[in-house]
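Descriptive analysis of the structure
The primary structure of each chain is shown beneath.
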Amino acid sequence: MSESETSGWLARLRQGLARSSSKLASGIGALFGRRVLDEAALEDLEDLLITADIGVNTSARLVEALRAQKLGRDITADEVRNALAAEIEKILEPVAKPLAFDPEKKPHVVLVVGVNGAGKTTTIGKIAKTLKDQGLGVVMAAGDTFRAAAVEQLQVWGKRTGCPVMARETGADAAGVAFDALKLATARKDDVLLIDTAGRLHNRKELMQELEKISRVLKKLVPDAPHTTLLVLDATTGQNAHQQVDIFKEMVHVDGLAMTKLDGTAKGGVVVSIAEKHGIPVHYAGVGESAEDLRPFSARDYARGLMGLPLGE
Ligand SMILES: Nc1nc2c(ncn2[C@@H]2O[C@H](COP(=O)(O)OP(=O)(O)OP(=O)(O)O)[C@@H](O)[C@H]2O)c(=O)[nH]1
Ligand SMILES: [Mg+2]
């Protein structure tokens, strides 16, 4: 990434997290004009963190860390924000792992799962764009065969990125599409295959069978595929995102997460509680609808962005 790209992304991240951070920052500002950090202030702070979707346990842990360092001392809002950002960074550090595509795999197969509307198709398009720009060969598979619009949406990203999209008619077998796409990507010696899926959670059993079948069929060609199962989570669902992690963990082996729509919500804190509770790698953060709005997840940038602190320092 060039320096201007980096600063562009940091600005987007900061702007994307503005709703979450303004809630936290103004709340902290109101609580800590300049006062002694006492139990009452800590209690108010804990409530504020919980309402920002950081989660009950994680909020308690953050407040505990602050108590240990600063109880009884004068403290400013800025010091509180910096101290919390440092603690949040510690929580996020072990899970902030950009998705490492294995260059030995031709292709590295990524199965993308998640509930309806979470942002799967958009995320696939954005990843394809990023990889293509890096000079990698990418194929996309329209494994959501349930809706015609889903196939068209992926084809738009195909045109935009110049990556082939394997698709069949509406109602076709998703596993068949995935199989054909893997054959194509293998023949082309492409680097990455991104497989879109339907997120029809109202029939969990059917979805599970479909995801199992896709995996089974892929393994006929490439025994260790899919190499990554990426769960896309919509941050605007707040604490419901936890439930989605649980549901998908029952169905498939979730290797990593992409958190989307962080720009559309004040619930950006949910990433912190998910990191703490599930410990699943967070590969990507999405803060908007364009390709530039998805980037590998960085613990420090995210923690500071959430607290409304300057980034990149
Ligand atoms: N603001 C914002 N919108 C996003 C982001 N990611 C996705 N979206 C939007 O969310 C909507 C749903 O995204 P899709 O990619 O269609 O979601 P999906 O999971 O494929 O949905 P289904 O195919 O219905 O299961 C679209 O309007 C996207 O543009 C993001 O990071 N920020
Ligand atoms: Mg879709």
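A brief report on the enclosed structure follows.

What counts as what
- Think of each chain on its own: its residues are numbered from 1, step by step along the sequence as written.
- Written order determines the labels here, with chains lettered from A and ligands numbered from 1.
- Owing to the predicted nature of the model, reporting of local features is limited to residues with pLDDT of at least 70; listing and counting of side-chain atom pairs is limited to 80 or more, with chain, interface and lining totals taken over all residues.
- What makes a residue near a molecule or strand is its C-beta atom, placed from the backbone, lying within 6 Å of it.
- Here a strand is any run of E in DSSP of at least two residues, a helix any run of H or I of at least four, and the numbering for each starts at the N terminus.
- For this classification, the nonpolar set comprises Ala, Val, Leu, Ile, Met, Phe, Trp, Tyr, Cys and Pro, the charged set comprises Asp, Glu, Lys and Arg, and every other residue, Gly included, is treated as polar.
- Pairing between two strands is assigned when DSSP locates at least 2 bridges connecting them.
- Contact definition: two residues whose C-beta atoms, as placed from backbone geometry, lie within 7 Å.
- Between the N-to-C directions of two axes lies an angle of 0 to 180 degrees, each axis being a line fitted to C-alpha atoms and, for a helix, fitted only over the stretch in contact.
- Exposure is read from a count of other C-beta atoms within 10 Å of each residue's own; the residue is exposed at 12 or fewer, buried at 20 or more and partly exposed in between. C-beta atoms are placed from the backbone.
- Left-handed is the label given to a crossing in which the near helix is rotated counterclockwise from the far helix by less than a right angle, and right-handed is the label when the rotation is clockwise.
- What we call a nonpolar core is a set of buried Ala, Val, Leu, Ile, Met, Phe, Trp, Tyr and Cys residues whose membership is set by joining through C-beta atoms within 7 Å.

1. Considering the site of ligand 1
Lining the immediate environment of ligand 1, one finds 21 residues, of which Gly-119, Lys-120, Thr-121, Thr-122 and Gly-286 sit closest. Among the elements that make up the shell around ligand 1, the one with the highest residue count is helix H6 (residues 120-133) (three residues). Here the shell around ligand 1 is composed, by residue class, of four nonpolar, 11 polar and six charged.

2. Some points on the sheet that holds strand E8 (residues 256-260)
In space, the eight strands of this open sheet follow the order E5-E4-E6-E3-E7-E8-E9-E10, with mixed pairing throughout. Strands with a single pairing partner mark the edges of an open sheet, and in this sheet they are strand E5 (165-166) and strand E10 (294-296). Here strand E4 (residues 138-141) pairs with strand E6 (residues 192-195) via four bridges, running parallel. Its bridge partner being in E6, Ala-141 is matched across the sheet by Ile-195. Packing of helix H8 (residues 174-187) onto the sheet brings it into contact with strand E3 (108-113), E4, E5 and E6, and relative to E4 it is tilted by some 170°.

3. Remarks on helix H11 (residues 270-278)
An α-helical segment advances 3.6 residues per turn. Residues three or four places apart therefore align on the same side. Restricting attention to buried positions, one finds in H11 the residues Val-270, Val-271, Val-272, Ser-273, Ile-274 and Ala-275. Tucked inside the fold, the buried residues of H11 contact helix H4 (56-70), helix H5 (77-92), helix H10 (240-251), E8, strand E9 (282-286) and helix H12 (299-306). Backbone geometry just after H11 places Gly-279 at a positive phi near 60°.

4. A short note on the pairing of E3
Among the six residues that make up E3, six are buried, leaving the element largely enclosed by the rest of the structure. The alternating pattern of E3 places His-108, Val-110 and Val-112 on one face and Val-109, Leu-111 and Val-113 on the opposite face, and all of these are buried. Here E3 runs beside E6; their pairing, made up of four bridges, is parallel. Looking across to E6, one finds that Leu-111 is bridged to Ile-195. Relative to strand E7 (residues 228-234), E3 runs parallel, the two being bridged by four bridges. Across the sheet, the residue bridging to Val-113 is Leu-231, located in E7.

5. Notes on the packing of H5 against H12
The interhelical angle for the contact between H5 and H12, taken along N-to-C directions, is 145°, at an axis separation of 8 Å. With respect to the hand of their crossing, H5 and H12 are arranged in right-handed fashion. Residues Ala-85, Ile-88, Glu-89 and Leu-92 of H5 lie in contact with H12, whose contacting residues are Ala-299, Arg-300, Tyr-302, Ala-303, Arg-304 and Leu-306. Of the residues in the contact of H5 with H12, the class split is seven nonpolar, no polar and three charged.

6. Here's the deal with the nonpolar core
Across soluble globular proteins, nonpolar side chains have a tendency to be buried as a group. Membership of the largest hydrophobic core comes to 90 residues, with the highest contact counts inside it found for Met-140, Ala-178, Leu-193, Leu-194 and Ile-195. The dominant element in this core, judged by the number of residues it contributes, is H8, at eight residues. In this view, Leu-193 contacts Pro-107, Val-109, Val-110, Val-139, Ala-141, Ala-181, Leu-182 and Ala-185; residues no more than four positions away in its chain are not counted.

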